[in-house]
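Spelled out from the first residue to the last, the chains are:
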Amino acid sequence: MQKKISSTVLSYLWITAGCAIYALGFNWFFAPNDIAYGGVTGLSQIVHLFLPFVGVGTMVIVFNIPLFLAGWRFLGGHTLVTSLYATLVSSVLIDLIGRIHVFQPQESLLAALYGGLMVGTGLGLIFRQSATTGGTDIGARLLKRRYPWVPTGRLVMGLDFVVICTVALAFQKLNSALYGLVASMVASFMMDKVLYGLNTSKVAYIISDYPERIVKAITVDLDRGVTVLHGHGGYSGQNKNILFCAFPQRQIVALKRVIKAADPNAFLVVCQATEVLGEGFGDYNKEEL
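Computed from a predicted model, the values in this text were never measured in an experiment.

**What to know about a nonpolar patch on the surface**
Phase 1: Among the surface-exposed residues, I61, I65, L69, L88, V92, L96 and I100 lie close enough to one another that they form a single nonpolar patch of about 660 Å² accessible area.
Phase 2: Those elements giving two or more residues to the nonpolar patch turn out to be α3 (56-75) and α4 (77-100).
Phase 3: At four residues, α4 tops the list of elements feeding residues into the nonpolar patch.
Phase 4: Among the residues examined, L69 registers a relative accessible area of 60% and is labelled exposed.

**As for the packing of aromatic side chains**
Phase 1: On inspection of all chains with the given rule, the structure shows six aromatic pairs.
Phase 2: Centre to centre, the rings of Y12 and Y85 are 5.0 Å apart; their planes meet at 80 degrees, and the pair counts as edge-to-face. In this pair, Y12 is assigned in helix α1 (residues 2-30) and Y85 in helix α4, connecting sequence segments 73 residues apart.
Phase 3: Residue Y85 is classed as partly exposed on the basis of its relative accessible area of 29%.
Phase 4: Ring centres 4.8 Å apart and planes at 15 degrees place the aromatic pair W28 and F29 in the stacked group.
Phase 5: The class for W28 is partly exposed, based on a relative accessible area of 34%.
Phase 6: On the accessibility criterion, F29 (7% relative accessible area) is buried.
Phase 7: The rings of W28, F29, F103 and Y114 are connected pair by pair, giving a single aromatic cluster.
Phase 8: Geometry around Y210 places R213 over its ring, the cationic atom sitting 4.0 Å from the centre.

**So, the pairing of strand β3 (residues 239-248)**
Phase 1: In the sheet, strand β1 (residues 201-207) pairs with β3 via seven bridges, with the strands oriented antiparallel. Each residue of the ladder has a partner; that of A204, found in β3, is C245.
Phase 2: For strand β2 (residues 227-232) and β3, the ladder comprises six bridges, and the chain directions are antiparallel. Bridging across to β3, L229 finds its partner in I242.

**Considerations on the packing of helix α9 (residues 211-221) against helix α10 (residues 252-262)**
Phase 1: At a minimum axis separation of 9 Å, α9 and α10 run at an interaxial angle of 145 degrees. Pair α9 / α10 crosses with right-handed handedness. Between α9 and α10, the contacting residues are R213, I214, A217, I218 and D221 on the first element and L255, V258, I259 and A262 on the second.
Phase 2: A class-by-class count of the residues in the contact of α9 with α10 yields seven nonpolar, no polar and two charged.

**Quick look at the pattern of salt bridges**
Two side chains that carry opposite charge are able to pair once their charged atoms sit near each other.
Phase 1: What the rule picks out here adds up to one salt bridge.
Phase 2: D209 serves as the salt-bridge partner of K240, at 2.8 Å between the closest nitrogen and oxygen. With K240 in strand β3 and D209 in the loop between β1 and α9, the pair connects residues that are 31 residues apart, well separated along the chain.
Phase 3: Exposure remark for K240: the relative accessible area of 24% places this residue in the partly exposed category.

**With respect to the confidence of the model for the chain**
Detailed reading of the predicted coordinates is not advisable wherever pLDDT falls low.
Phase 1: Here the chain averages 82 in pLDDT, and 90% of its residues register 70 or above.
Phase 2: Put simply, helix α6 (residues 136-146) is where the chain has its lowest mean pLDDT, 71, and helix α5 (residues 108-128) is where it has its highest, 92.

**A word on the nonpolar core**
Phase 1: One finds C19 and F30 to be the most contacted residues of the largest nonpolar core, which totals 33 residues.
Phase 2: Contributing elements (two or more residues each) for this core: α1, α3, α4, α5, α7 (152-171) and α8 (174-197).
Phase 3: For F30, the residues in contact, after removing those within four places along its chain, are G25, I35, Y37, A111, A112, G115, G116, V119 and A183.
Phase 4: Counting 16 residues, the second largest nonpolar core, distinct from the first, contains A217, L222, I252 and A266.

**A few points about α5**
Phase 1: Over its 21 residues, α5 runs 29 Å from end to end, which matches the ideal 30 Å to within 8%, given 1.5 Å per residue.
Phase 2: Counting buried residues along α5, 15 of its 21 residues qualify, which places the element largely inside the surrounding structure.
Phase 3: Its side-chain oxygen at 3.0 Å from the backbone nitrogen of L109, E107 defines the N-terminal cap of α5.
Phase 4: In the stretch just after α5, S130 is the one whose phi turns positive, near 60 degrees.

**A look at the packing of α1 against α5**
Phase 1: At a closest axis distance of 7 Å, the pairing of α1 and α5 adopts a crossing angle of 165 degrees. The orientation of α1 relative to α5 falls into the category roughly antiparallel. Read as a crossing pair, α1 and α5 show a hand that is left-handed. Facing W14, I15, G18, C19, I21, Y22, L24, G25, F26, W28, F29 and F30 of α1, the residues of α5 in contact are A111, A112, Y114, G115, G116, M118, V119, G122, L123, L125 and I126.
Phase 2: Among the residues making up the contact of α1 with α5, the classes are represented as 18 nonpolar, five polar and no charged.

Reading the values: the criteria
- Position labels on residues start from 1 in each chain and follow its written sequence.
- Local features in this predicted model are restricted to residues whose pLDDT is 70 or higher, and side-chain atom pairs enter the listing and the counts only when it is 80 or higher, whereas totals over whole chains, interfaces and linings include all residues.
- As a convention, hydrogens and water are excluded, and side-chain values are obtained from all of the structure's heavy atoms.
- In this scheme, patches are assembled from residues that exceed 30% relative accessible area and form no salt bridge. Like charges are connected within 9 Å, while nonpolar side chains (Val, Leu, Ile, Met, Phe, Trp, Tyr) are connected within 5 Å.
- Values of accessible area rely on a 1.4 Å probe in the Shrake-Rupley scheme; residue burial ignores everything except the protein chains shown.
- The working definition used for a salt bridge is a side-chain nitrogen of Lys or Arg within 4 Å of a carboxyl oxygen of Asp or Glu.
- Only runs of H or I of at least four residues qualify as helices and only runs of E of at least two qualify as strands under DSSP, and these elements are numbered from the N terminus.
- Partly exposed residues are those whose accessible area sits between 20% and 50% of the maximum for their type, while under 20% is buried and over 50% is exposed, using a 1.4 Å probe and protein chains only.
- Each Phe, Tyr or Trp ring (for Trp, its six-membered ring) is paired with any other whose centre lies within 6.5 Å, and the angle between the two planes then decides the class: stacked below 30 degrees, edge-to-face above 60, tilted in between.
- We call a charge positioned above a ring when the Lys NZ or Arg CZ atom is no farther than 6 Å from the ring centre and deviates by at most 35 degrees from the ring normal.
- Here, any two strands with at least 2 DSSP bridges between them count as paired.
- Simply put, an axis is a line fit to the C-alpha atoms, just over the touching stretch for a helix, and the angle between two N-to-C directions goes from 0 to 180 degrees.
- In this scheme the crossing of two helices becomes right-handed for a clockwise turn of the near helix relative to the far one and left-handed for an anticlockwise turn of less than a right angle.
- Whether two residues touch is decided by their heavy atoms; if any such pair falls within 4.5 Å, the residues are in contact.
- Classes in brief: Ala, Val, Leu, Ile, Met, Phe, Trp, Tyr, Cys and Pro nonpolar; Asp, Glu, Lys and Arg charged; the others, Gly included, polar.
- The score called pLDDT rates the predictor's confidence residue by residue, from a low of 0 to a high of 100.
- Here, the term nonpolar core denotes a set of buried Ala, Val, Leu, Ile, Met, Phe, Trp, Tyr and Cys residues that are joined through side-chain atoms within 4.5 Å.
- Expected helix span is computed as 1.5 Å times (number of residues minus one).
- Two N or O atoms count as a polar contact when they lie within 3.5 Å, although within protein this holds only if one can serve as hydrogen donor and the other as acceptor, and sequence-adjacent residues are included solely when both atoms are side-chain atoms.
- Roughly parallel here means an angle under 35 degrees, roughly antiparallel means over 145, roughly perpendicular means 65 to 115, and every remaining angle is called oblique.

Spelled out as structure tokens, the structure:
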């Protein structure tokens, strides 16, 4: 019970940190440079433009109410609660930071790049805890159920495109849309990196005349499992054992070292693995993106 409580508290701390990074990135880079941003935040920028006394964060909450009502049955209880929390915290922080300090305009391209970096990082941290900040994030979650092979960041970017164009029309600045697209692409990239890139693993295929030595070295020295596949040389016509091993990025140097020590002539192919599930790696979670 205590472990579950600690896990829940830690999850909400990560969501809070993600909301803070997201809100700071928006106020620091997007708002002072009139960079069009997608989703409900972008629509809230339009309202704030014509009604300056209405805070962007306040309008984010207002716009999200019908979206949550429409999507609650598909999100599930846990995701709904964490998403409501993330939406409320990020909205409050956007208005709070904006009142505490007014950031000055900067070079627009740098603002788009660094704003996208911060916003994407914040959203990635939020999404990793099975939460959303509402708006197009909810749309992305729902689309993810229909198209599970599409990265979440790409789905968010696609949904944001229409909103970005609308915000640009409201500001009557083509550059707002262009810089907004740059920011959206950077945010999408960072979001996917945080969601999928932090657990980067690799897969090695090894062909050697001394497979037993290599298997022993990998299992004993690196504490990694090895699967032996049976192959056939296309040119030599000889039967070969192909060793298959999944390992974390941090072990790549050690893996090369033990392989070359066991057989200097070993043939090694290392491939990128987006995700590895099973013993020694992650577990499947149906709530993950």
